[in-house]
Amino acid sequence: MMKKGKRFEWGYLLLIPGIGYILLFIIMSTYVMIMQSLGYYNYTGESGFSLQFWGEVFDQQFLDSLLYSLKIGIGSSMISIVICYPFVLILQKTKGKRILLSIMKTPMFIPALVGSFLIINIIDYHGIVNELLVFLRIIEEPLRLRNDKYGIGVLMIQVWKNVPFQMLIMSSAIESIRKDVVDAARNLGANIFSIIRHIILPLTLPSALIAVTLVFIGTFNDFAVSNTAGPLYPNSLSSLMLRNANVFGEWNLSACIGTMMMITTILLVSIYTLIAKRLEKLD
Amino acid sequence: MATSVSVNNVVKKFGNVTVLKGISFHIEPGEFVTLLGPSGCGKTTILRIIAGFLDPEEGQVLFNDKVVNNVKPNKRNTAMCFQSYALFPNKTVYENIRFGLRMRKVPSDEQRQRVENAIAMVNLTGLGDRKPYELSGGQQQRVALARAIVVNPDILLFDEPLSNLDAKLRERVRMEIREVQKAMGITTIYVTHDQAEALSISDNVIAMSNGTIVQKASPRAIYDYPSTEFVADHIGAANIIPAEMGSAKGDFVEVNTPIGCLYANNFHHIKDQKIALCIRPEDLHPVLKKERMENMNIITGKIRNAIYMGNQLDLFFLVNDYLIRASVPKDYIIEEGATIDFAIPRDKVLVVGCEK
């Protein structure tokens, strides 16, 4: 009996635009970046395998920038979710919820750079915040919130920019919890805090994790806000990478920094996922 | 000790719509009462008011003669089984059942004991580690039942708990619910739109229509003596025939209808109201020989359809162009188009009030 050969499914061709895009712009560019960090694809000089750039990249400046970027990434994603959670919970019971949500979404539609300057105007040495604090005699001298060495200004701007984004994710996550599940908990004797602790938090944890992860990726790799409101030293990894490539022409070093940024992001996302799974099991 | 429930003149509005128009009833301790009515009649609303999820605009809810209007749902000691089961999807069967005990801060040893007892009671032994999505609909409903009874509630509330189950399973879980309720003696309020469910499970049935109570009676009484056309039509199959009251003849009354003049029973409760007759299909008996029968109404009809229902044969026949349904034994042999007499006992022809 003749074996039937597998017929080619022409429908797969429809995947080309999507897969082609991913291949070209994500996989290929990642491949080039990794290879560049290993000495290939040199724009100047000879190309060839070398670990020289990896040996050079781990200097004090890189480690300071890595720590700074981690602080901004973890700090802003965590502060944002801590602000976002109670706000969204309260918002569920508030009249005019949709209007409030629409107003809160505004920062999402403002480009990071513009938003950064908007907030700088408020938190600057002679901005409204400092003027008000001095006027109220809470502080004697204005605080240095912009370009401060701790990155407080950057954190404030990132939180301002990312709380609305996390709110979108979290409000739909909370809305998706069926009302009768909450009613069942109330009926079984749970007060509002027990409902949040035992029902709402565990059920929205996966969404919170996504919200935190997405904000972390954005803020850890941020360039615009750190460059405008961040400290003079250390810089964010993105700034360091750009300076190495554009100012010093060290494309291979930049590729090493880029690879490290990617590895750190993947590592932290994996840790987040692990923690979330543990928490889910603990519940 | 079981708890009594009283609902006094409760009014509930959603926007401009009044969904409960002054509802009042009383449930004795340990009684199993079913609120029966079509969708939108307000039965779930009254259940949610008793549970404390909704506040009435007017009226009072009393548990053991104590007003509970201002008592929060988590302090009422009621336990509700929802139509959708409302199990906590993030918790196992064991954790779901334990939840109410944790909230009541019951010692952990006692928690374990009571949860295990509840699991055994609803035949879920060995499934404690499963998540709700790993269970069938019937099993999920049993978890909901176990979760409700494990806290020893004063009042058990059921909101159409079986409507997502298939017919066979519905029957089985229904029986289990009744057995558990009887064993524990908990006052129970059960909401359904399924008349068979209401009749088979309850001590008393409250028929509701359009935000009002139409009749409260035992299952037998509400089926045998419906007070209105709505109750007659909604509970069981019925031939509802428009009628005009004639003169009383002893225990019976002469009633004029499109299918002829009939003698009817159960007419004393009708006061200055439009009436109709209710005749249950199983109360129409085919007669082979036309003979004088004591206390029987006789009507003659031409068979239009004979539908085999498995346990019976349903005959649809025309009397003066009025379609009547009779249920006869399944082995009854009749041809469509045949003309046949039917006898109806006078005491089975019921006078019911018309709502409109």
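Up top is the structure.
Residues numbered from 1 in each chain as written. Chains lettered and ligands numbered in written order. Predicted model: local features only at pLDDT ≥ 70, side-chain atom pairs only at ≥ 80, totals over all residues. Heavy atoms only, no water.

Attention now moves to the overall build of chain A. When its secondary structure is counted, chain A shows 12 helices and 0 strands. Starting at the N terminus, the α and β elements of chain A follow one another as α-α-α-α-α-α-α-α-α-α-α-α. In terms of C-alpha radius of gyration, chain A reaches 24 Å, well past the compact-globule figure of 19 Å for 283 residues. Long-range pairs, those at least 24 residues apart, make up 73% of the contacts in chain A with a sequence separation of at least 6. For chain A, the exposed surface amounts to about 16900 Å²; the carbon and sulfur share of it is 70%. (Helix = DSSP H or I, 4+ residues; strand = E, 2+ residues; numbered from the N terminus. Rg over C-alpha atoms; globule rule 2.2 N^0.38 Å. Contact = heavy atoms within 4.5 Å. Areas by Shrake-Rupley, 256 points an atom, 1.4 Å probe, with all protein chains shown as cover.)

Formed by 113 residues in total, the largest nonpolar core has its most connected members in Phe-25, Ile-46, Ile-50, Ile-97, Ile-177 and Ile-189 of chain B. Those residues in contact with Ile-46 of chain B that lie beyond four places of it in its chain are Val-7, Val-10, Leu-20, Ile-23, Phe-25, Leu-35 and Met-208 of chain B. (Core = buried A, V, L, I, M, F, W, Y, C linked by side-chain atoms within 4.5 Å. Buried < 20%, exposed > 50% of the residue type's maximum accessible area, 1.4 Å probe, protein only.)

Quick look at the pattern of salt bridges now. Residues and elements named next belong to chain B. Under the defined criterion, the tally for this structure stands at 16 salt bridges over all chains. In this structure, Glu-57 and Lys-12 form a salt bridge, with 3.9 Å as the shortest nitrogen-oxygen distance. Taken together, the residues Glu-57 in the loop between helix 1 (43-51) and strand 4 (58-63) and Lys-12 in strand 1 (residues 5-14) connect sequence positions 45 residues apart. On the basis of relative accessibility, which here comes to 8%, the residue Lys-12 falls in the buried class. (Salt bridge = Lys/Arg side-chain N within 4 Å of Asp/Glu carboxyl O.)

A separate point is the sheet that holds strand 18 (residues 322-329) of chain B. Residue and element names in this part refer to chain B. Taken in spatial order, the 5 strands make up an open sheet running 15-19-16-17-18, and their pairing is antiparallel. Edge strands, defined here as strands with exactly one partner in the open sheet, are strand 15 (285-287) and strand 18. Here the average twist between neighbouring strands, direction ignored, is 50°. As paired elements, strand 17 (residues 312-319) and strand 18 share 8 bridges and run antiparallel to each other. Its bridge partner lying in strand 18, Leu-313 is registered against Val-328. (Pairing = 2+ DSSP bridges. Axes fitted to C-alpha atoms, helices over the stretch in contact; angles between N-to-C directions.)

As a further point, take the packing of aromatic side chains. Applying the stated criterion across every chain, the model contains 11 aromatic pairs over all chains. Taking 5.7 Å as the distance between ring centres and 40° as the angle between the ring planes, the aromatic pair formed by Phe-32 of chain B and Tyr-190 of chain B counts as tilted. Of the two residues, Phe-32 of chain B is situated in strand 3 (residues 32-36) and Tyr-190 of chain B in strand 8 (residues 187-192); the sequence distance between them amounts to 158 residues. Comparing Phe-32 of chain B with Tyr-190 of chain B shows no difference in burial state: the two are buried. Between Phe-317 of chain B and Phe-342 of chain B, the aromatic rings sit 4.1 Å apart at their centres with planes inclined by 10°, giving stacked as the arrangement. Taken together, the residues Phe-317 of chain B in strand 17 and Phe-342 of chain B in strand 19 (residues 339-345) connect sequence positions 25 residues apart. Pair check on accessibility: Phe-317 of chain B and Phe-342 of chain B agree, each one buried. Taken together through their ring pairs, the aromatic side chains of Trp-54, Phe-58 and Phe-62 of chain A make up a single cluster. Between the NZ or CZ atom of Arg-147 of chain B and the centre of the ring of Phe-88 of chain B, over which it lies, the distance is 4.7 Å. Its end group placed over the ring of Tyr-223 of chain B, Arg-280 of chain B keeps NZ or CZ at 4.0 Å from the ring centre. (Phe/Tyr/Trp six-rings, centres within 6.5 Å; stacked < 30°, edge-to-face > 60°. Lys NZ or Arg CZ within 6 Å of the ring centre and 35° of its normal.)

We now examine the packing of helix 3 (residues 60-92) of chain A against helix 11 (residues 237-247) of chain A. Residues and elements named next belong to chain A. Direction vectors running N to C along helix 3 and helix 11 enclose 145°, while the axes themselves pass 8 Å from each other. In contact with Gln-61, Phe-62, Ser-65, Leu-66 and Ser-69 of helix 3, helix 11 contributes Leu-237, Leu-240 and Arg-243. Grouping the amino acids of the contact of helix 3 with helix 11 by side-chain chemistry returns 4 nonpolar, 3 polar and 1 charged. (Nonpolar A, V, L, I, M, F, W, Y, C, P; charged D, E, K, R; others polar.)

Here we take up the pairing of strand 17 of chain B. Residues and elements named next belong to chain B. In terms of residue burial, strand 17 counts as a mostly covered element, since 6 of its 8 residues are buried. The pairing of strand 16 (residues 296-308) with strand 17 spans 6 bridges and is antiparallel. Looking at strand 17, one finds that Ile-303 is bridged to Phe-317. Two successive antiparallel strands, strand 16 and strand 17, enclose a turn made up of 3 residues, where Gly-310 displays a positive phi of approximately 95°. Linking strand 17 back to strand 18 in an antiparallel pair, the connection comprises 2 residues, with Asn-320 at a positive phi of about 50°.

The first and last C-alpha atoms of helix 4 (residues 137-149) of chain B sit 19 Å apart over 13 residues, in line with the 18 Å expected at 1.5 Å per residue. In terms of burial, helix 4 of chain B is largely enclosed, as 11 of its 13 residues are buried. The inward-facing, buried residues of helix 4 of chain B contact helix 8 (179-187) of chain A together with strand 6 (78-81), helix 2 (93-103), helix 3 (108-121), strand 7 (155-159) and helix 5 (167-184) of chain B. (Expected span 1.5 Å × (residues − 1).)

Before going further, it helps to spend a moment on the pairing of strand 10 (residues 212-217) of chain B. Judged from the 5 bridges that link them, strand 9 (residues 204-209) of chain B and strand 10 of chain B form a sheet pairing that is antiparallel. Its bridge partner lying in strand 10 of chain B, Val-205 of chain B is registered against Ala-217 of chain B.

A separate point is the sheet that holds strand 6 of chain B. All names here are of chain B. The strand order 6-7-8-3-9-10 describes an open sheet built from 6 strands, whose pairing is mixed. Looking along the sheet, the strands with just one partner apiece sit at the ends: strand 6 and strand 10. The mean angle between the axes of side-by-side strands here comes to 20°, regardless of whether they run parallel or antiparallel.

So far we have only geometry, and geometry alone does not tell us how the molecule works.
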